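Fold and geometry: a report
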Amino acid sequence: MNKVNAYLTEDFLDCCELFLCSFLDRYGYEYRYLFNRNWCLKDANLSEENMKIHNDYIYIDRANFWEELKNIFGINTIWHFNALGTYLQSNDNLILHLVDAKFLPWMKVYFNRESAEHYIYIDNFDKQLNKFYVIDLKLNFREWVDSEIIYSAYTSMGRRTFEYTNPEYKTNQKNLKNSEKEAYKSITKIKKFLYELKRCEESYLLNIQNILTFRIKQVIEVKLSFVEFLKIINDHKGKNLILQKECLSTVNYWKTLRTYLMKGKIRNQYDLEKINSIADNILESELKVLSLFDCRGFNYVD
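Residues numbered from 1 in each chain as written. Predicted model: local features only at pLDDT ≥ 70, side-chain atom pairs only at ≥ 80, totals over all residues. Heavy atoms only, no water.

So, the side chain of Glu68
- Mapped onto the secondary structure, Glu68 falls in helix α2 (residues 63-73).
- Here Glu68 falls in the buried class, since its relative accessible area comes to 5%.
- With sequence-adjacent residues up to four places away left out, Glu68 is seen in contact with Leu34, Asn36, Arg37 and Phe73. (Helix = DSSP H or I, 4+ residues; strand = E, 2+ residues; numbered from the N terminus. Buried < 20%, exposed > 50% of the residue type's maximum accessible area, 1.4 Å probe, protein only. Contact = heavy atoms within 4.5 Å.)

Structural notes on the environment of Lys108
- For Lys108, the location among the structural elements is in the loop between β2 (94-100) and β3 (117-126).
- Separated by 3.2 Å, the side chain of Lys108 and the backbone oxygen of Pro105 make a polar contact. (Polar contact = N/O pair within 3.5 Å; in protein donor to acceptor, adjacent residues only side chain to side chain.)

Details of the pattern of salt bridges
- Across all of its chains, the model carries 11 salt bridges by this definition.
- Residues Asp280 and Lys198 are paired through a salt bridge, measuring 2.7 Å at the closest nitrogen-oxygen approach. Separated by 82 residues along the polypeptide, Asp280 in helix α7 (residues 272-291) and Lys198 in helix α4 (residues 177-199) bring together distant segments of the chain.
- Using a relative accessible area of 39% as the deciding quantity, one classes Asp280 as partly exposed.
- With a relative accessible area of 35%, Lys198 lands in the partly exposed category.
- Here Glu221 makes a salt bridge to Lys217, at a shortest N to O gap of 2.7 Å. In this pair, Glu221 and Lys217 both sit in helix α5 (residues 202-230), 4 residues apart, roughly one turn of the helix.
- Overall, the relative accessible area of 34% leaves Lys217 in the partly exposed class. (Salt bridge = Lys/Arg side-chain N within 4 Å of Asp/Glu carboxyl O.)

Considerations on the packing of α4 against α7
- At a closest axis distance of 10 Å, the pairing of α4 and α7 adopts a crossing angle of 170 degrees. Comparing the axis directions of α4 and α7 gives the class roughly antiparallel. Only Ile275, Asn276, Ala279, Asp280, Ile282, Leu283, Glu286, Leu287 and Leu290 of α7 make contact with α4, whose side of the interface consists of Ala183, Tyr184, Ile187, Ile190, Lys191, Leu194, Leu197 and Lys198.
- Broken down by class, the residue content of the contact of α4 with α7 amounts to 12 nonpolar, 1 polar and 4 charged. (Axes fitted to C-alpha atoms, helices over the stretch in contact; angles between N-to-C directions. Parallel < 35°, antiparallel > 145°, perpendicular 65-115°, else oblique. Nonpolar A, V, L, I, M, F, W, Y, C, P; charged D, E, K, R; others polar.)

If you want it as structure tokens, here you go:
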């Protein structure tokens, strides 16, 4: 049985998150509850040089997703080793396989170039053709693929399979208090990051640009998911729409910073005053969002 919704597409989710949200959606659960604490910055050290960014291995700013997956829906993760050929979709749980994108022909960016973690869902196996029916939601890919290709990709990432248990709501007490609390905890980290950014020399920024833009991309994606969460809240006073608008404005400032850093790397120069101005805009907008976090008057749609 196909346990994923083939039509769910959210650009701000990574490949594994997309499968899990699709899993929830397939069974009628509102997956956007997972994003209720995502107006935040989990780690102020966005430019830390010893962080491994290759293969998308860091998820510093995505930790709340996994915590809420357990807290709200009671989903547990079961690890399996070398289970590709023997452990197909035989129960109500979702089973995903970790593979190396370097071996997957439909992943043009990585194929035969560089390794990258990726998750796929296998819906069937044809013994006669020796092919797996593979679903890759992130790339909108659904086709029969030679088993040798999948086995090579699977082996390259350590032959790991992850089983996610059937979901169920654990609580009906959902409100914006968690969102507000996380945002207030986060603002000190945002201030710290922006302060350190404004003190950086041009040569240092050019050196860490790849790390910095990757981490800011995660910040943007997480914040966009929070805006999606706001869309499931009833608001009779128009406060929700105002909050959504300001959140999107803040995200756009983060996008402006990331774009400028990427373009500056190409030109091999930065205007530090420009970066300082963007940083000031981000902080001003973040503080305005905090001022709008008045939880009274909001109700959830269940």
